[in-house]
Amino acid sequence: MAMQAMPRSGSNDVARIFSLFETMHLIRAFEIAADRAWRDGFVRGSVHQYIGEEAIATAVCANLRRDDVLASYHRGHGHSIAKGTDPEGMMKELFGRRDGTSRGKGGSMHIADFSLGVMGANGVVGESATLACGAAKAFRLKGEDRIAVAFFGDGAINRGVTLEALNWAKIYRLPVLFVCEENEYAVTVRTATVTAGDGALARARAFGLHAVSIDGNDLLEVDRTAAELIPRVRAGEPCFIHARTYRLFGHVSFQPDTYRDPAEVESRKAFEPIRRTARWLLDQGFSQADLDGVEAAARERIAAAVRAAHEAPWPDEAALLADVQDLEMPA
Amino acid sequence: MTYSEAARLALAEEMRRDPLVWALGQDLGPEGGVAGQYKGLLAEFGPERIVDTPISEATMLGSAVGAAAMGTRPVCELRYADFGICAADQLVNQAAKMRYMFGGQMRVPLVVRQSIGWKVGGAAQHAQSTEAWWAHTPGLVVVCPATPRDNRGLLKAAIRCDDPVVYMENKNLWAETGDVPDDEEVVPLGKASIAREGEDVTIVTWSRIVAVALEAAGALAGRGIEVEVIDLRTIWPWDRAAVERSLEKTGRLLVAHESVQAAGFGAEIAADMAERMHGKLRAPIRRIGGRRTPIPYSERLDEPSRVTPAQIVGIVEKMA
């Protein structure tokens, strides 16, 4: 099927959903390749897989303007790719190379692309919420109608700073969209077992935020919800999306996933967003070959990114001292 | 003009000059800041630029970082350095690191004001001096003005700086008066000033202890010892060249500060000068600073807990 320009947001237009399906596959291919490169020793440190959660970043970002911004967290690859960051620059970053998105000095948890409004992944849970509030404030001061999105996981709802930020956005009526990606686990602990009250949605509503809980693995539902809420956010009403999902990998590259019942993980696979969207697209008349082609194209694009990362130059030693601050010890 | 009025003047001038300069913190509007340093600014600039906030230090600073990352110049008022610790994550992990960890693609032009210094009856949680904490953090500039003139000129420089500046006024200096020039002087960051010239002993200090050292220097002059007092003004980056020049002359160094002596910033200066100036030194380098105790409440414990002119005189007499 020939692709047209992306139709209006939030519609169930098949061309639009097909395009988002491509983005989800690009994210997944990136994550699979990143995991492989980590196992092979080319990528170091922490790599937090977004596999199984791709629909949320994909559909939310598809409803943003290029000049809107997002603040992400440790599980941030999907948000960057969905906002348009070049996966090759990201892969070079994971490989610690000079031409990575952060010049090889940040790694997986500090990928940022300010040219596209990606204010960075972040290694401190919940911080995306405060940063997004600040970005939104800056837009208002400058008289701009841009918005800021804060992505975070369900673990973040037990950090005081997240709750402060919900209050903050509401009292100042800042154009912030909070997106809580509830994958049910805070590292290895089931979030529900360490959370008093009724969870993320109830907490957001306690601050008077317009908040909705949705199936975050349903691409169409996320797309519809983002399309409905983002104009409200842009008009100065902070909103909150509680997107229920499930991560199919462990929390982080180096930690064996021993704390979840394998049967639980297996049972969730049927509900993961790529399979579900594929079923929907087949119902709309796409062929399996069409869908396989998307996956193959994504894998090939990421494979090329990995090849480029292998060949990319390393930072030179002067990079160590660059960009700390303008003022240093006077000579 | 008082130290507090000088700070108010600096912020007002910078806010008139640049519409992207704004301030946030507790009690800026109704109270005009803990020492009146924001008095009248709400009326002039309105609630979008003089923002009264909830008591949410982490989000005050975190949102200031986000707003700085998007090109505005926030001045984040945290009242006391003790409360700055409530926002340590946003200062250390976010503001200080972002430029570097994102490969230089952005800047964080942010001023974080948190006052240091002893306070009458302040006790353990309202009177700490924490400049060494932030000087230890790569990415931060740390400024400790000692005079009204410098409080005006350094705050203006801090607001214009493209990197995060921890700006630490001193609670005991708010009411101090001094001359402030008519022109809009901007005092460069990273440059010390010579508060008193002398040939025999160099005292490197900052903030309130500048006045303490000057008082000691006056007493010592009567005993035939001429002390040079260097007001460092900026703790990081500190003006090593100014200290070296002075030591070329005196060969004797005392570093004095109000904050805890152990692992204080004086230790860095002492160690650095010991390494670089060993052959020029005529006496062991000395330090004096706060005791390694929480700040006590009782007035009977003030004297033994503080750095005094008499203590400085005693140390310098043994060095000269």
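What counts as what
Residues numbered from 1 in each chain as written. Chains lettered and ligands numbered in written order. Predicted model: local features only at pLDDT ≥ 70, side-chain atom pairs only at ≥ 80, totals over all residues. Heavy atoms only, no water. Helix = DSSP H or I, 4+ residues; strand = E, 2+ residues; numbered from the N terminus. Rg over C-alpha atoms; globule rule 2.2 N^0.38 Å. Buried < 20%, exposed > 50% of the residue type's maximum accessible area, 1.4 Å probe, protein only. Contact = heavy atoms within 4.5 Å. Lys, Arg positive; Asp, Glu negative; His and termini not counted. Charge placed at Lys NZ, Arg CZ, Asp CG, Glu CD. Areas by Shrake-Rupley, 256 points an atom, 1.4 Å probe, with all protein chains shown as cover. Axes fitted to C-alpha atoms, helices over the stretch in contact; angles between N-to-C directions. Parallel < 35°, antiparallel > 145°, perpendicular 65-115°, else oblique. Left-handed = near helix turned anticlockwise from the far one by under 90°. Salt bridge = Lys/Arg side-chain N within 4 Å of Asp/Glu carboxyl O. Polar contact = N/O pair within 3.5 Å; in protein donor to acceptor, adjacent residues only side chain to side chain. Buried area = accessible area lost by both parts, 1.4 Å probe. Core = buried A, V, L, I, M, F, W, Y, C linked by side-chain atoms within 4.5 Å. Nonpolar A, V, L, I, M, F, W, Y, C, P; charged D, E, K, R; others polar.

### A word on the overall build of chain A
Next, step 1: When helices and strands are tallied, chain A shows 11 helices and 7 strands.
Next, step 2: For a compact globule of 331 residues, the expected C-alpha radius of gyration is about 20 Å, and chain A comes in at 19 Å, within 12% of that figure.
Next, step 3: Considering only C-alpha atoms, chain A reaches an extent of 55 × 50 × 45 Å along its principal axes.
Next, step 4: Burial status across chain A gives 59% buried among its 331 residues.
Next, step 5: Summarising the internal contacts of chain A: among those between residues at least 6 apart in sequence, 73% fall at separations of at least 24.
Next, step 6: Between the mean site of the 39 positive side-chain charges and the mean site of the 45 negative ones, chain A shows a separation of 3 Å.

### Concerning the overall build of chain B
Next, step 1: A count of helical and extended segments in chain B gives 13 helices and 12 strands.
Next, step 2: Its C-alpha atoms give chain B a radius of gyration of 19 Å, within 12% of the compact-globule value 20 Å for 320 residues.
Next, step 3: Its C-alpha atoms give chain B principal-axis dimensions of roughly 55 × 45 × 40 Å.
Next, step 4: Considering chain B as a whole, with its 320 residues, one finds that 62% of them fall into the buried category.
Next, step 5: A separation threshold of at least 6 residues defines the contact pool for chain B, and within that pool the share at least 24 residues apart is 82%.
Next, step 6: Approximately 11,600 Å² of chain B is accessible, and the part contributed by carbon and sulfur atoms is 50%.
Next, step 7: Measuring between centres, the 36 positive side-chain charges of chain B sit 4 Å from its 42 negative side-chain charges.

### So, the packing of helix α1 (residues 14–39) of chain A against helix α4 (residues 87–94) of chain A
All names here are of chain A.
Next, step 1: Running from N to C, α1 and α4 cross one another at 20°; their axes reach a closest spacing of 11 Å. One finds that α1 runs roughly parallel with respect to α4. For α1 against α4, the interelement crossing comes out right-handed. Note on element contacts: α4 touches α1 through P87, M90, M91 and L94, opposite L26, F30, A33 and A34.

### Some points on unusual backbone geometry
Next, step 1: In this chain, W236 of chain B is followed by P237 of chain B through a cis amide linkage whose omega measures -5°.
Next, step 2: By secondary structure assignment, the location of P237 of chain B is in the loop between β10 (234–236) and α10 (240–250).
Next, step 3: Of note in this structure, R103 of chain A is not a glycine but carries a positive phi near 60°.
Next, step 4: Mapped onto the elements, R103 of chain A comes out in the loop between α4 and α5 (127–141).

### Considering the side chain of E181 of chain A
All names here are of chain A.
Next, step 1: Along the polypeptide, E181 turns up in strand β3 (residues 176–182).
Next, step 2: Buried charged residue E181 carries no salt bridge. Nearest counter-charge: R75, at 6.4 Å.
Next, step 3: There is a polar contact of 2.9 Å between the side chain of E181 and the side chain of H79.
Next, step 4: Once residues within four sequence positions are removed from consideration, E181 is found in contact with Y50, E53, I56, A57, Y73, H79, F151, F152, G153, D154, A243 and T245.

### Quick word on the interface of chain A and chain B
Next, step 1: If you look at the interface, chain A gives 48 residues, while chain B gives 51 residues.
Next, step 2: Buried area between chain A and chain B, summed over both chains or domains, comes out near 3,900 Å², and the portion from carbon and sulfur atoms is 62%.
Next, step 3: At the junction of chain A and chain B, the tally comes to 5 salt bridges.
Next, step 4: Here K137 of chain A and E48 of chain B are joined by a salt bridge, their closest N and O atoms 2.7 Å apart.
Next, step 5: Inspection of the region where chain A meets chain B yields 20 residue pairs in polar contact (both at pLDDT 80 or more).
Next, step 6: For the side of chain A that touches chain B, the elements supplying multiple residues, two or more each, are α5 and α6 (160–171) of chain A.

### With respect to the nonpolar core
A general feature of soluble globular proteins is that nonpolar side chains tend to end up buried together.
Next, step 1: Judged by nonpolar contacts, the single largest core of 85 residues is most densely connected at F178 and F240 of chain A together with L61, L110, L232, F265 and I269 of chain B.
Next, step 2: Ranked by residue count, the leading element in this core is α5 of chain A, at 9 residues.
Next, step 3: Counting 60 residues, the second-largest nonpolar core is a separate cluster that includes V47, Y50, I111 and A243 of chain A.

### Structural notes on the packing of helix α1 (residues 3–17) of chain B against helix α8 (residues 148–160) of chain B
Residue and element names in this part refer to chain B.
Next, step 1: α8 packs onto α1 with a crossing angle of 30° between their chain directions and a minimal axis gap of 8 Å. Considered as vectors, α1 and α8 are oriented roughly parallel to each other. Pair α1 / α8 crosses with right-handed handedness. The residues of α8 that touch α1, namely those facing Y3, A6, A7, L9, A10, L11, E13, E14 and R17, are P148, N151, R152, L155, K156, I159 and R160.
Next, step 2: For the contact of α1 with α8, the class distribution of residues is 9 nonpolar, 1 polar and 6 charged.

### Digging into the pattern of salt bridges
Next, step 1: Applying the stated criterion to the full structure yields 51 salt bridges over all chains.
Next, step 2: A salt bridge links R159 of chain A to E127 of chain A; its shortest N-O distance comes to 3.8 Å. Here R159 of chain A is found in the loop between β2 (148–153) and α6, whereas its partner E127 of chain A is found in helix α5, with 32 residues between them in sequence.
Next, step 3: Judged by its relative accessible area of 31%, R159 of chain A is partly exposed.
Next, step 4: The salt bridge partner of E31 of chain B is R79 of chain B, with a shortest N-O separation of 3.1 Å.

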